[in-house]
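What the coordinates show
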Amino acid sequence: MKYYLLIICLISVSCFAQKTTIYTIGDSTMANKKDPDRNPEHGWGQVLQPFFKDNFTVENKAVNGRSTKSFINEKRWDSIYKKLKKGDYVFIEFGHNDQKIEDSTRYTNPHTTYRYNLIRFVNESREKGAIPVLLSSIARRNFNEKGVLVPTHGEYPLETRLVAQQYNVPFIDLEYYTELLEESYGPEKSKQLHLHFKAGENPYYDKDKADDTHLSLKGARAIAQIVVNQINQSKDPSLDKLKKAIK
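Residues numbered from 1 in each chain as written. Predicted model: local features only at pLDDT ≥ 70, side-chain atom pairs only at ≥ 80, totals over all residues. Heavy atoms only, no water.

Details of empty space enclosed by the protein
- Evaluated as defined, the whole model comprises one cavity of 30 Å³ or more.
- What lines the largest cavity is Ala139, Arg140, Leu149, Val150, Pro151, Thr152, His153, Glu175 and Glu179.
- Each residue belonging to the lining of the largest cavity can be placed in one class, and the counts come to four nonpolar, two polar and three charged. (1 Å grid on protein atoms, 1.4 Å probe; cavity = no way out; pocket = protein on both sides within 12 Å on 5 of 7 lines; lining within 4 Å. Points joined across faces, edges and corners; volume = space filled by probe spheres on them. Nonpolar A, V, L, I, M, F, W, Y, C, P; charged D, E, K, R; others polar.)

This is the structure we're talking about:
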């Protein structure tokens, strides 16, 4: 009898010790980059784990170049859906590649396919008892000659907001908060958030690099901090468990 009680106790401890997973799905602004010790480029999902306690695991499933359409068509979402469990979180940030109108494998109309793909992520996450979180696309460093930061994502961030509102999904307006971040640095210093190097300045690049979309380690960490701050400030009760897991 004692043996069986011990087995039951061990199973119970194992269940209680099961970690909660935060799945991050999106594009290159969020994705893990190869050779992180040398590579100046980082996705913000790549640096998210250190903000959370050990009982939460970040599974960064974002992939360079993906839109909602290609992420689904390549069965990447299916592979995540199969593993989702009750209490997990799914952070969803797309848009950069959905607007690639020259590429039929990635482009989505923001008001139709993009919208319904977001709704699919939301509904199917909830089917498994997981909690979806929608995030608008991060801003590009796109200052005009007057020093005004000009938006580049068209209607995609708006549609993300509308889906979040209609389906009562926790929403982090990354477009807005990263606009504030870029503006706080200004047209010149904001290069530090991205990838700006002269040839030979960084051993990873043998030619000039001027990339205003992708992130340096500094930029990635700053955006991960924004995400964590917004979780902390949210009044949505579905994020309460996530708040408690923040270091």
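A look at the pairing of strand E1 (residues 20–26)
- Burial runs high along E1: seven of the seven residues are buried.
- Of the two faces of E1, the one holding Thr20, Ile22, Thr24 and Gly26 and the one holding Thr21, Tyr23 and Ile25 are both buried throughout.
- Here E1 runs beside strand E2 (residues 56–60); their pairing, made up of five bridges, is parallel. Residue pairing across strands places tyrosine 23 opposite glutamate 59, the latter belonging to E2.
- In terms of strand pairing, E1 meets strand E3 (residues 89–93) through five bridges, oriented parallel. Pairing of tyrosine 23 across the sheet is with valine 90, part of E3. (Buried < 20%, exposed > 50% of the residue type's maximum accessible area, 1.4 Å probe, protein only. Helix = DSSP H or I, 4+ residues; strand = E, 2+ residues; numbered from the N terminus. Pairing = 2+ DSSP bridges.)

What about the confidence of the model for the protein?
- Confidence along the protein averages 93 in pLDDT terms, with 93% of residues attaining 70 or more.
- With pLDDT under 50 throughout, residues 1–16 is counted as low confidence; its partners more than four residues away or in other chains account for zero contacts. (pLDDT = per-residue confidence, 0-100. Contact = heavy atoms within 4.5 Å.)

Looking at the nonpolar core
- In this structure, Trp44, Leu48, Phe52, Tyr89, Phe91, Leu174 and Leu242 are the most contacted members of the largest nonpolar core, which totals 33 residues.
- Per element, the largest residue contribution to this core is seven residues, and it comes from helix H7 (residues 217–233).
- Core analysis: the next-biggest nonpolar cluster, separate from the first, contains 22 residues, Ile72, Ile119, Phe121 and Ala164 among them. (Core = buried A, V, L, I, M, F, W, Y, C linked by side-chain atoms within 4.5 Å.)

What to know about the packing of helix H6 (residues 174–189) against H7
- Remark: H6 packs on H7, axes separated minimally by 11 Å, with the N-to-C direction vectors making an angle of 130°. In terms of their interaxial angle, H6 and H7 are classed as oblique. In terms of crossing hand, the pair formed by H6 and H7 is right-handed. Packed against H6, whose contacting residues are Leu174, Tyr177, Thr178, Leu181 and Tyr185, the element H7 presents Lys218, Ala222, Ile223, Ile226, Val227 and Gln230 at the interface.
- For the contact of H6 with H7, the per-class residue count stands at eight nonpolar, two polar and one charged. (Axes fitted to C-alpha atoms, helices over the stretch in contact; angles between N-to-C directions. Parallel < 35°, antiparallel > 145°, perpendicular 65-115°, else oblique. Left-handed = near helix turned anticlockwise from the far one by under 90°.)

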